[in-house]
Amino acid sequence: MINAVVIIVLLLLAAYLILSEQKLPEIIEAMRQAKPEYLLVGIALLILYVACESFIIKYLMKNMGTDLRFHKCFKYSFVGFFFCAVTPSATGGQPAQVIWMARDGVDAGLSSLVLCIVTMVYKTALVVISGVLVLLHLPFVKAHIGYMGYVYIFSLVLNVIFIAALGLLIYKPVIAEKITIKCMNLLSKIRLVRNKEKIMGKVYESIDRYKSGSVFIKYHFGVMLNVFLLTAFQRMCFFSITYVVYRSFGLSGTSFFEIITLQTILSLSLDILPLPGGIGANEEGFLMMYDQIFTGNFLVSGLLFSRGINYYVLVIIGAAVTVISYVTGSRRIASANKRKGDRK
């Protein structure tokens, strides 16, 4: 209920930001000028983005001794993206995926391990892609990033620390555990953390989970390289949606990789914000960074199509898949329980 209220408030804020930028009739007129075939390509890129994660889950599961059908992995991916989109800091995605997998008979420990690895590689790929592209297009970035630069640098530092911590877990797990415990003790002493015992229990669970993932990474380099490359391709598909929207209006002058660079900045900057789907902040960041790129009154319509495809279409499809799979899964479980009762 609280999440729903927060999302509604953020949507109203996003609507205010959009309508304060341009009048509604002008927005509609600009949107009519977009070429539909480009927008369809954008939706296809979104589906490919989801399909890539599905293949990664299937690939990792198979390398751990469990062969899942692709359509089931596709379902898990949509469920995960849906819950990520509607929960603060995308915290609901992985727990929901674990639950849906468990309903299909997949061991919770195995699914948690696989999703842990997916998260590790997902963050690493984002930092690497963004870091490289920003360095290659630094003058362009400086001209468009504005105050988002401060948020970006802060988020980049946090993610680098996260990746470094993963490196410690892989090669020096004992040291990583000691550092984590010392940090938690310090936070407890300065009263930034309450209920220390409960939180430490969760910390130990996370450490054990990441330890398991680190062992797999350490001894399956070839598998992890394939996962990283596929994840990098997956991220590029997602970031390409904005470029396709840009081209749908017949605009030119900004290259494919320049727009991809801005999208990585936006994505990484929003990574640290506790907002469901980054609603409000994403729109504000887009309007600021693309102000001189989506020219000719196409800024707001570009935002609506770009955000509409990479967030709202994903939420709608994800919600449909989640509801349908939940209902059909519940019926299947009820039927199985009934058969067991009849046998008794």
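Preceding this paragraph is the structure being described.
Residues numbered from 1 in each chain as written. Predicted model: local features only at pLDDT ≥ 70, side-chain atom pairs only at ≥ 80, totals over all residues. Heavy atoms only, no water.

Regarding a nonpolar patch on the surface
To keep it simple, the criterion reads: Only residues above 30% relative accessible area that lack a salt bridge enter a patch, with like-charged residues linked at up to 9 Å and the nonpolar side chains Val, Leu, Ile, Met, Phe, Trp and Tyr linked at up to 5 Å. Areas reported here follow the Shrake-Rupley algorithm with a probe of radius 1.4 Å; residue values treat only the protein chains shown as occluding. The salt bridge definition used is simple: a Lys or Arg side-chain nitrogen within 4 Å of an Asp or Glu carboxyl oxygen. In this scheme, a residue with accessible area under 20% of its type's maximum is buried, one over 50% is exposed, and one in between is partly exposed, where area comes from a 1.4 Å probe on protein chains only.
Taken together, the side chains of Ile 153, Phe 154, Val 157, Leu 158 and Ile 161 present a nonpolar region at the surface, about 470 Å² in accessible area. By relative accessible area, Leu 158 is classed as partly exposed at 36%.

A few points about the nonpolar core
Test applied: We define the nonpolar core as a collection of buried residues of types Ala, Val, Leu, Ile, Met, Phe, Trp, Tyr and Cys that are connected through side-chain atoms lying within 4.5 Å of one another. Helix numbers and strand numbers start at the N terminus; a helix is a DSSP run of H or I with at least 4 residues, a strand a run of E with at least 2. Working rule for contacts: check all heavy atoms of both residues, and any pair within 4.5 Å makes them a contact.
Core analysis: the biggest nonpolar cluster contains 50 residues, and Phe 249, Ile 265, Tyr 290, Ile 293 and Phe 294 have the highest contact counts within it. Ranked by the residues each element gives to this core, the list is headed by helix H11 (residues 221-248), at 8 residues. When residues no more than four places from it in sequence are discounted, the contact partners of Tyr 290 are Thr 242, Ile 259, Leu 262, Gln 263 and Leu 299. By size, the runner-up hydrophobic cluster in this structure holds 28 residues, among which are Leu 60, Val 121, Met 224 and Val 227.

Quick look at the packing of aromatic side chains
Where we set the bar: Only Phe, Tyr and Trp rings are paired, with Trp represented by its six-membered ring, and only when their centres lie within 6.5 Å; those with planes under 30 degrees apart are stacked, over 60 edge-to-face, the remainder tilted. Think of it as a cone above the ring: NZ of Lys or CZ of Arg counts as a charge over the ring if it is within 6 Å of the ring centre and within 35 degrees of the ring normal.
In this structure the tally under the stated criterion is 20 aromatic pairs. For the pair Phe 82 and Phe 83, a centre-to-centre distance of 5.2 Å together with 75 degrees between the ring planes defines the contact as edge-to-face. Take Phe 82: its relative accessible area is 16%, and that puts it in the buried class. Between Tyr 243 and Phe 256, the ring centres sit 5.3 Å apart and the planes meet at 90 degrees, which makes this aromatic pair edge-to-face. Of the two residues, Tyr 243 is situated in helix H11 and Phe 256 in helix H12 (residues 256-270); the sequence distance between them amounts to 13 residues. Connected via pairs of aromatic rings, a cluster forms that spans Tyr 243, Tyr 246, Phe 249, Phe 256, Phe 257, Phe 286, Tyr 290, Phe 294, Phe 298 and Phe 305. In this structure, Lys 123 packs its charged tip against the face of Phe 162, placed 5.6 Å from the ring centre. Cation over ring: Arg 307 sits above Tyr 311, and NZ or CZ is 4.3 Å from the ring centre.

Remarks on the environment of Leu 110
Locating Leu 110 in the fold gives a position in helix H6 (residues 108-136). According to the relative accessible area criterion, Leu 110 is buried, its value standing at 16%. In sequence terms Leu 110 and Val 98 are 12 residues apart; their C-alpha atoms lie 9.1 Å from each other. For Leu 110, the residues in contact, after removing those within four places along its chain, are Met 61, Met 64 and Thr 66.

Details of helix H5 (residues 93-103)
Looking at H5, one finds that the buried residues are Gly 93, Ala 96, Gln 97, Val 98, Trp 100 and Met 101. Directly beyond the C-terminal end of H5, a positive phi value near 90 degrees is found at Gly 105.

Focus on the layout of surface pockets
The criterion, for reference: A cavity, in this analysis, means grid points on a 1 Å lattice covering only the protein atoms where a 1.4 Å probe fits yet has no way out; a pocket is instead an open set bounded by protein on both sides within 12 Å along at least five of seven lines, and a residue lines either one if it has an atom within 4 Å of a point. Grid points are joined across faces, edges and corners, and a volume is the space filled by probe spheres set on the points. For this classification, the nonpolar set comprises Ala, Val, Leu, Ile, Met, Phe, Trp, Tyr, Cys and Pro, the charged set comprises Asp, Glu, Lys and Arg, and every other residue, Gly included, is treated as polar.
Estimates place the volume of the largest pocket at around 1,400 Å³. Lining the largest pocket we find 46 residues, and of these Cys 84, Ser 89, Ala 90, Tyr 122 and Asp 271 sit closest to its centre. Top element by residues in the lining of the largest pocket is H6. It accounts for 8 residues. Its residues assigned to classes, the lining of the largest pocket shows 23 nonpolar, 17 polar and 6 charged.

Digging into the packing of helix H3 (residues 36-63) against H11
The test is simple: To get an axis, a line is fitted to the C-alpha atoms, and for a helix only the part in contact is used. The angle between two axes follows their N-to-C directions and goes from 0 to 180 degrees. Relative orientations are named as follows: roughly parallel for angles under 35 degrees, roughly antiparallel for angles over 145 degrees, roughly perpendicular for angles from 65 to 115 degrees, and oblique for any other angle.
With their axes 8 Å apart at the nearest point, H3 and H11 run at an angle of 170 degrees to one another. One element, H3, and the other, H11, form an angle in the roughly antiparallel class. Taken together, the residues of the contact of H3 with H11 break down into 21 nonpolar, 7 polar and 3 charged.

Some remarks on the packing of H11 against H12
Just so we agree on the cut-off: What makes a crossing left-handed is the near helix being turned counterclockwise from the far one by less than a right angle; a clockwise turn instead makes it right-handed.
Axis separation between H11 and H12 bottoms out at 9 Å; the angle between their running directions is 120 degrees. On the basis of the axis angle, H11 is oblique to H12. Two packed elements cross with a definite hand, and for H11 against H12 that hand is right-handed. Residues Arg 235, Met 236, Phe 239, Ser 240, Thr 242, Tyr 243 and Tyr 246 of H11 form the contact with H12, whose participating residues are Phe 256, Phe 257, Ile 259, Ile 260, Gln 263, Thr 264 and Ser 267.

Side note on the side chain of Ser 248
Structurally, the position occupied by Ser 248 is in helix H11. Ignoring sequence-local partners within four residues, the contact set of Ser 248 consists of Gln 33, Ala 34, Lys 35, Tyr 38 and Leu 39.

Regarding the pattern of salt bridges
Under the criterion given, the structure shown has 4 salt bridges. We note a salt bridge from Arg 32 to Glu 29, for which the minimum N-O separation is 3.8 Å. Taken as a pair, Arg 32 and Glu 29 lie in helix H2 (residues 24-32) at a separation of 3 residues, close to a single helical turn. By relative accessible area, Arg 32 is classed as exposed at 64%. Glu 29 sits in the partly exposed class, given a relative accessible area of 41%. In this structure, Arg 307 engages Glu 283 in a salt bridge whose closest nitrogen and oxygen atoms are separated by 3.0 Å.

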